[in-house]
Amino acid sequence: MKNNSIKVAVLAMLFLASCAEKKEETAAVEEAPVIETFVAQKEKLSTELRMPAELVGFQQVDIYAKVSSFVKELKVDIGSEVKKGQLLMILEAPETSSQLAAAESRLHSQEAVYMTSNNTYKRFLETSKVEGTISKNDLELAEGRKNSDYAQLQAAKASYREVQNIISYLQIRAPFDGVVAARNVNLGAYVGPAGKGSDLPLVTIQQQDKLRLSVFVPEAYTGYLSNGDELSFTVKSVMGQNFKAKIARKSGALDSRLRSERIEMDVINTNKKLLPGMVAEVILPLNAKDSTFVVPKSAVVSSSEGIFVLKIKDHKTLRTKVQKGREFENRVEVFGDIQPNERLVKIASEEIKDGTEVK
């Protein structure tokens, strides 16, 4: 009987010991996990942005006919290189010849009329110097007639010049050095300022030895670029070659649809490797002008409550709202109430509440 009591006591002690061990294991499991932290430091983040861009002629113009006429002669064709002032085509409008002849006839007639009235006035003026020979009223009438005829003469000259200008429009000349990129008419075609003949331009001239490279930069990145910055770009048609260009112009305003700023670069293209209309890929260097806080992406939490990081204050976590800037690989710029050398949680999440103790 005594032996049985001893066995029961031993078993009870073993049971109590195993329960204690289980409690210790449970307590160890329930301990707070280790939270990895890091020290916030400022640095200048340098990244790059790849954007599509378009090459266009530095100058480009569509030339239309100002006078209703027919194409009489074509001096150029697609791909022709032209110089400023070079004759491109001659148009023909028969009615303008008769208009010029009529205007010239009116001009000569008015010159004769003015010459007569002017001579009459001079004779009256000379005679009037002898008192009592010419009345003051006759002299004034002669002067008025002379002035009226002079005005009519000036009107005839203006009309004659107008017809001459119209005839000059029949000769189409190049406004600058370039290449004929398009020709939309043939010999004998009717062209003019109205009707079917004005649907398309006669020719399109492009300056191709110098091109414009246009790119729209999103609002968030416009502040990183300045006039004179050198950029590199590539085009698919010239594989394996990088081209350089400097920023020449910034629009200074955002496009209302794209919310981006138009930036233009001048590209020297004397070897004609590049063509207007090509699509390029521009590499925009985004170098920060001032130091900013750069943290691992895992330290930033985006939730329905906003974007925040977890600071360590008095050995406890504190949610701090921030704004995200540029992202590069596994790092991101943040702006907010963060001071240098403050400790932040490296792998943050919504599961970590404010006041969580950090050992």
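Conventions used here
Each residue is numbered by its place in its chain's sequence as written, counting from 1. Confidence filtering applies because this is a predicted model: local features only for residues at pLDDT of at least 70, side-chain atom pairs given and counted only at 80 or more, and all residues used for totals across whole chains, interfaces and linings. Computation of side-chain values: all heavy atoms of the structure, hydrogens and water removed. Every helix listed is a DSSP run of H or I at least four residues long, and every strand listed is a run of E at least two residues long, numbered separately from the N terminus. Accessible area is worked out with a 1.4 Å probe on protein chains only. A residue is then buried under 20% of its type maximum, exposed over 50%, and partly exposed in between. By definition in these notes, contact holds between two residues if any of their heavy atoms fall within 4.5 Å. Computed with a 1.4 Å probe, the accessible areas rest on the Shrake-Rupley method; for each residue, only the protein chains presented here act as cover. When DSSP finds at least two bridges between two strands, those strands are taken to pair. Stacked, edge-to-face and tilted labels apply to pairs of Phe, Tyr and Trp rings (six-membered ring for Trp) whose centres lie within 6.5 Å, assigned for plane angles under 30 degrees, over 60, and everything in between, in that order. Definition used: whenever NZ (Lys) or CZ (Arg) falls within 6 Å of the ring centre and also within 35 degrees of the ring normal, the charge is taken to sit over that ring. Only buried residues count toward a nonpolar core, which is a set of Ala, Val, Leu, Ile, Met, Phe, Trp, Tyr and Cys residues joined through side-chain atoms within 4.5 Å. By definition, a salt bridge exists where a carboxyl oxygen of Asp or Glu is found within 4 Å of a side-chain nitrogen of Lys or Arg. Axis angles are defined between N-to-C directions and span 0 to 180 degrees, where every axis is a line fitted to C-alpha atoms and, for a helix, only to the segment in contact.

Helix and strand counts for the chain come out as three helices and 22 strands. The proportion of buried residues among the 359 residues of the chain is 32%. Sequence separation of 24 or more characterises 75% of the internal contacts of the chain that already satisfy a separation of 6 or more. As displayed, the chain offers around 22,500 Å² of accessible surface, 52% of which is attributable to carbon and sulfur atoms.

Next up on the list: the sheet that holds strand β6 (residues 81-82). If you walk across this open sheet you meet the four strands as β4-β11-β9-β6, and the pairing is antiparallel. A strand with exactly one partner marks an edge of an open sheet, and here the two such strands are β4 (60-63) and β6.

Another point: the packing of aromatic side chains. If you walk through the whole model with that rule in mind, you get three aromatic pairs. Relative to Y150, the ring of Y114 has its centre 5.3 Å away and its plane inclined at 55 degrees; by these criteria the two rings are tilted. Taken together, the positions of Y114 in helix α2 (residues 94-127) and Y150 in helix α3 (residues 136-168) put the pair 36 residues apart, joining distant regions of the chain. For the pair F233 and F243, a centre-to-centre distance of 5.5 Å together with 25 degrees between the ring planes defines the contact as stacked. Remark: F243 occurs in strand β14 (residues 238-254) and F233 occurs in strand β13 (residues 230-235); sequence separation between them is ten residues. We note that F233, like F243, is buried. The cationic tip of K210 hangs over the ring face of F58; the distance from NZ or CZ to the ring centre is 4.3 Å. The ring centre of F58 lies 4.3 Å from the NZ or CZ of R212, which sits over that ring.

Here the focus is the nonpolar core. Nonpolar side chains tend toward joint burial in soluble globular proteins. L55, L213, F233, V235, V267, L274 and L284 are the most contacted members of the largest nonpolar core, which totals 27 residues. Broken down by secondary-structure element, the contributors of at least two residues to this core are β3 (46-57), β12 (210-218), β13, β14, β15 (260-268) and β16 (279-287). Among residues more than four places away in sequence, those in contact with L55 are L211, R212, L213, V235, V267, L274, L275, P276, G277 and M278. L91, I172, V180 and V185 belong to the second largest nonpolar core, which has 20 residues in total.

The next subject is the pattern of salt bridges. A side chain of one charge can pair with a side chain of the opposite charge if their charged atoms are brought near each other. The final tally for this structure, using the stated rule, is 16 salt bridges. Two residues, R50 and E48, come together in a salt bridge whose shortest N-O distance is 3.8 Å. A salt bridge links K311 to E342; the nearest nitrogen and oxygen atoms lie 3.6 Å apart. One end of the pair, K311, is in strand β19 (residues 306-313); the other, E342, is in the loop between β21 (331-336) and β22 (343-345), and 31 residues separate them in sequence. For K311, a relative accessible area of 8% puts it in the buried group. Classification of E342 as partly exposed rests on a relative accessible area of 23%.

Before going further, it helps to examine the environment of S302. The residue S302 is located in strand β18 (residues 301-303) in this model. With 19 residues separating them in the primary sequence, S302 and K321 have C-alpha atoms 9.9 Å apart. Ignoring sequence-local partners within four residues, the contact set of S302 consists of I307 and K324.

Okay, the sheet that holds β15 next. The six strands lie next to each other as β3-β12-β15-β14-β13-β16, forming a closed barrel whose pairing is antiparallel. Neighbour-to-neighbour, the strand axes of this sheet turn through a mean angle of 40 degrees, independent of strand direction. Where β12 lies against β15, nine bridges are found, and the strand directions are antiparallel. Residue pairing across strands places S214 opposite E264, the latter belonging to β15.

Relative to the assigned elements, T204 resides in strand β11 (residues 203-206). A relative accessible area of 8% means that T204 is categorised as buried. If we ignore the near neighbours within four places in the chain, the residues touching T204 are Q60, V61, D62, V179, V180, A181 and A182.

As a further point, take unusual backbone geometry. The backbone of K272 sits at a positive phi, close to 60 degrees, despite the residue not being glycine. As for its position among the elements, K272 is in the loop between β15 and β16. Even without a glycine there, the phi angle at N341 is positive, about 75 degrees. Checked against the element boundaries, N341 lands in the loop between β21 and β22.

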